[in-house]
Amino acid sequence: MTPFEEQVYGICRRVPEGKVTTYKAIAGALGIKAYQAVGQALHKNPFAPNVPCHRVVNADGSIGGFAGGIKKKMEILRSEGIIIKAGKISKDQMITSFSPSPLHPRG
DNA sequence: CCGATGACGCGCC
DNA sequence: GGGCGCGCCATCG
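Residues numbered from 1 in each chain as written. Chains lettered and ligands numbered in written order. Predicted model: local features only at pLDDT ≥ 70, side-chain atom pairs only at ≥ 80, totals over all residues. Heavy atoms only, no water.

Trainee: For the sheet that holds strand E5 (residues 94-95), give the residues involved together with the corresponding values.
Mentor: Strand pairing in a sheet is mediated by backbone hydrogen bonds. Such pairs are either parallel or antiparallel. Strand order in the open sheet formed by three strands is E2-E1-E5, and the pairing between neighbours is parallel. The sheet is open, and its two borders are formed by strand E2 (56-57) and E5, each paired with just one other strand. (Pairing = 2+ DSSP bridges. Helix = DSSP H or I, 4+ residues; strand = E, 2+ residues; numbered from the N terminus.)

Dropping the structure here:
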């Protein structure tokens, strides 16, 4: 486990149900620009489904990737209430900015 | 440090 | 929406 991954998982769990975020947003929240590294961390995601890695999509709204298969990811998102149109998600459902609070929301 | 990899992002057609 | 190329950064070997 790397301190970087810890960060990624921490941000990912900040995503509420019915909402999705982007790799860019997570990396940005950490103060870095390793969008790809964020994905790789989620790919490892040992805290699933504790960590809703499936609620992370591309910055343009496309699904992105998933260790269980893109189809599966869509199914989960749809089940959460996410509306996927033309294979993309509306920005209204995206969280492009996270709170600077270092506290854990799980409380 | 070097080389290779990747669930990315952006620009262009 | 789909395809292509380049740049970016952390991880792994």
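Trainee: Describe unusual backbone geometry, and please don't skip the residues or the numbers.
Mentor: With an omega of -10°, the peptide bond running from Ala-48 to Pro-49 counts as cis. Within the element layout of this structure, Pro-49 appears in the loop between helix H3 (35-44) and E2. Unusually for a residue other than glycine, Ala-86 sits at a positive phi of about 55°. Tracing the chain through its elements places Ala-86 in the loop between strand E3 (84-85) and strand E4 (88-89). According to the relative accessible area criterion, Ala-86 is exposed, its value standing at 80%. (Buried < 20%, exposed > 50% of the residue type's maximum accessible area, 1.4 Å probe, protein only.)

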